[in-house]
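Inside the fold
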Amino acid sequence: MSQSEFHLNGPEPYVLAELANAHNGDFGQLLAMIEATAKTGAQGIKFQWFQPDTTAMPDFEWYPVYQKIVFTADQWNQAVKTATQAGLEVWVDVCDEWALAHLEQCRESICGLKIPPSVLLDRRLSARTLSFGKPTLLGVGGHDDAAIQRHVEELRKINPCLILEHGFQAYPTKPEDATLRRIAFLRDRHGLPVAFADHEAGDSELALRLPEYAYFAGA
């Protein structure tokens, strides 16, 4: 049993710090955020790995932004090393084939993975991600119950160590859209642990409170 599985099955909450793209493409800022995360007491940290050309077409309005916020494989290697040396468990969002290829190079340093809600629709990419045998978050925000059931039934055959991640992905998310009561519903329906990812505005008190409420709601 990995350390992550121990935390997920234990009485204490497992706190995974989602950096997303808050580094703004500044590698120095990314390293500083890793060091700051280590001081918070979070057990893990999660990075998003992708490349612009496998995320969007060049004529998409956000494509220039994607070009500015990506890092090289060597930079991600350094980030992973910095995080592990700081005592953090590293998780990675698998967003495209590039991320999978890089996972092959550093799989021993990666604790867990996440399949985002949009990637969950790509069965081939999802299956390959699960084949790494790591604890894997399935982002189910935006998927209806029938679709979630299909995903779970299919994917748990490849890797039974799944965690459903509940969270409505709007920026920021309205408090009424957090629907925390779905946490217990998802847990009981599928027999899997459920994580919660909020997308509250950073200056909102609920950005601190919602994860607490989610924990007591069964996350």
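Before reading on, note that the structure itself is shown above.
Residues numbered from 1 in each chain as written. Predicted model: local features only at pLDDT ≥ 70, side-chain atom pairs only at ≥ 80, totals over all residues. Heavy atoms only, no water.

Right, let's get into helix α5 (residues 97-106). Every α-helical turn comprises 3.6 residues, leaving residues that sit three or four positions apart pointing alike. Looking at α5, one finds that the buried residues are Ala99, Leu100, His102, Leu103 and Cys106. Mapping the buried residues of α5 onto a view down its axis gives an arc of 165 degrees, with all of them on the same face. In this structure, the buried residues of α5 make contact with β2 (44-49), α4 (73-85), β3 (89-94), β4 (112-115) and α6 (123-130). For α5, the side-chain oxygen to backbone nitrogen distance between the N-cap and Trp98 is 3.2 Å, and the N-cap itself is Asp96. (Buried < 20%, exposed > 50% of the residue type's maximum accessible area, 1.4 Å probe, protein only. Helix = DSSP H or I, 4+ residues; strand = E, 2+ residues; numbered from the N terminus. Arc of directions from axis to C-beta. Contact = heavy atoms within 4.5 Å. Polar contact = N/O pair within 3.5 Å; in protein donor to acceptor, adjacent residues only side chain to side chain.)

Side chains that differ in charge, positive against negative, can pair when their charged atoms come close. Throughout the structure, instances matching the rule amount to eleven salt bridges. Glu165 is paired through a salt bridge with Lys114; the nearest N and O atoms lie 2.6 Å apart. With Glu165 in strand β6 (residues 162-166) and Lys114 in strand β4, the pair connects residues that are 51 residues apart, well separated along the chain. The same class applies to Glu165 and to Lys114, which are both buried. Between Glu212 and Arg209 there is a salt bridge; the shortest N-O distance is 3.0 Å. Taken together, the positions of Glu212 and Arg209, both in helix α9 (residues 206-216) and three residues apart, correspond to about one turn of that helix. A relative accessible area of 38% places Glu212 in the partly exposed class. Taking relative accessible area as the criterion, Arg209 reaches 24% and is therefore assigned partly exposed. What you see here is one network of salt bridges that share partners, running through Glu18, Lys46 and Asp93. (Salt bridge = Lys/Arg side-chain N within 4 Å of Asp/Glu carboxyl O.)

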